[in-house]
Amino acid sequence: MVQSNEQYDESRCKAFVCDLTNDLLTDSITPNSLDLVSALFVFSAIPPEKMEFALKNIYSVLKPGGRVLFRDYGIYDEAQIKFSKASDKRLDDNFYVRQDGTMSYFFSTEDLKSRFEAVGFSTIECQYVYRETTNRQKELRIDRIFAQAKFEKL
């Protein structure tokens, strides 16, 4: 769909389909060529046992000094609390399945740092971000917790 847009210009960007947990990014991207990868609400949908491959995959296409900007669900987020009440939704520690079959992993900052550092990244910043959201129609206030981080390829 992106490639069919009349404004798509492969000299400026390259759109392709890739399963980060299975397909090698280096099949579509030159190794050690990217300055930045944004991983916004990506890793929570990846089973924990496949995260290492996905991280190594990203590492392979970043230049030395390249960075990953990460944001995802933090441990004890309101969504995790709701999942915890339904034992049939729990697949593993901090890992749940939604009603539609998609998965949701909740990161602690320690877990996040150890996963990235285990494949060679250095941690620049890793913290929780707290947000309050309000559903005015239902008059509900929900506390959200996100893990936000910056990692750098050495």
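Cut-offs applied
Residues numbered from 1 in each chain as written. Predicted model: local features only at pLDDT ≥ 70, side-chain atom pairs only at ≥ 80, totals over all residues. Heavy atoms only, no water. Helix = DSSP H or I, 4+ residues; strand = E, 2+ residues; numbered from the N terminus. Areas by Shrake-Rupley, 256 points an atom, 1.4 Å probe, with all protein chains shown as cover. Lys, Arg positive; Asp, Glu negative; His and termini not counted. Charge placed at Lys NZ, Arg CZ, Asp CG, Glu CD. Phe/Tyr/Trp six-rings, centres within 6.5 Å; stacked < 30°, edge-to-face > 60°. Lys NZ or Arg CZ within 6 Å of the ring centre and 35° of its normal. Pairing = 2+ DSSP bridges. Axes fitted to C-alpha atoms, helices over the stretch in contact; angles between N-to-C directions. Contact = heavy atoms within 4.5 Å. Salt bridge = Lys/Arg side-chain N within 4 Å of Asp/Glu carboxyl O. Buried < 20%, exposed > 50% of the residue type's maximum accessible area, 1.4 Å probe, protein only. Core = buried A, V, L, I, M, F, W, Y, C linked by side-chain atoms within 4.5 Å.

Asks: I'm lost on the overall build of the protein in this one. Help?
Replies: When you go through the protein residue by residue, the secondary structure sums to three helices and seven strands. Summed over all atoms, the accessible surface of the protein reaches about 9800 Å², with 48% contributed by carbon and sulfur. Taking the average place of the 21 positive charges on the side chains of the protein and the average place of its 24 negative ones, the gap between the two points comes to 4 Å.

Asks: Any chance you could explain the packing of aromatic side chains here in plain terms?
Replies: Each aromatic ring pair is summarised here by two numbers: the centre-to-centre distance and the angle between the ring planes. For the structure on display, the rule yields 17 aromatic pairs. An angle of 40 degrees between the planes, with centres 6.1 Å apart, marks the rings of F43 and F70 as tilted. Note that F43 is positioned in the loop between β1 (34-40) and α1 (51-61) and F70 in strand β2 (residues 62-73), a separation of 27 residues in sequence. Geometrically, the ring pair formed by Y128 and Y130 is tilted, given 6.3 Å between the ring centres and 50 degrees between the ring planes. Three or more aromatic residues link up through ring pairs in this structure, and these residues are F43, Y59, F70, F95, Y105, F107, F116, F121 and F151. The ring of Y59 carries the charged tip of K153 above its face, separated from the ring centre by 4.6 Å.

Asks: What is the right way to look at the sheet that holds strand β5 (residues 103-105) in this model?
Replies: Across a sheet, paired strands are connected by hydrogen bonds in the backbone, their directions being either parallel or antiparallel. Taken in spatial order, the three strands line up as β3-β4-β5 in an open sheet, and their pairing is antiparallel. At either end of the open sheet lies a strand with only one pairing partner, and these are β3 (90-92) and β5. Direction aside, neighbouring strands of the sheet carry axes that sit 30 degrees apart on average. Sheet analysis places strand β4 (residues 95-97) next to β5, joined by three bridges and oriented antiparallel. Following the sheet pairing, V97 is matched in β5 by M103.

Asks: I'm lost on the pairing of strand β6 (residues 121-135) in this one. Help?
Replies: Here is the key point about a regular strand: its side chains alternate between the two faces of the sheet. The pairing of β6 with strand β7 (residues 140-153) spans 14 bridges and is antiparallel. Paired with S122 across the two strands is E152, which belongs to β7. The antiparallel pairing of β6 with β7 creates a hairpin that spans four residues between the two strands, and E139 there sits at a positive phi of about 55 degrees.

Asks: Sorry if this is basic, but what is going on with the sheet that holds β1 here?
Replies: Here we have four strands laid out as an open sheet, ordered β1-β2-β7-β6, and mixed in their pairing. Both edges of this open sheet fall to β1 and β6, since each of them pairs with a single strand only. Averaged over all pairs of adjacent strands, the angle between strand axes in this sheet comes to 15 degrees, irrespective of strand direction. As paired strands, β1 and β2 are joined by six bridges and run parallel to one another. Its bridge partner lying in β2, V37 is registered against V68. Contacts from helix α3 (residues 109-118) reach β2, β6 and β7 within the one sheet, and its direction differs from that of β6 by about 145 degrees.

Asks: What am I meant to see in the pattern of salt bridges here?
Replies: Inspection of every chain in the model, using the stated rule, returns eight salt bridges. Across the pair D111 and R115 runs a salt bridge whose closest N-O atoms are separated by 2.9 Å. Of the two residues, D111 and R115 both sit in helix α3, four residues apart, roughly one turn of that helix. Residue class for D111 comes out buried when judged on its relative accessible area of 16%.

Asks: Before we go on, may I ask you to explain the nonpolar core in this structure?
Replies: Considering soluble globular proteins, one finds that nonpolar side chains tend to be buried as a cluster. Counting residues in each nonpolar core, the largest one holds 26 residues, and the members touching the most others are F43, I58, V68, F70 and L112. Counting residues per element, the ones that place at least two in this core are β1, α1, β2, α3, β6 and β7. Of all the elements, α1 adds the most residues to this core, at five residues. Those residues in contact with L112 that sit more than four places away from it in its chain are F70, F107, C126, A147, A149 and F151.

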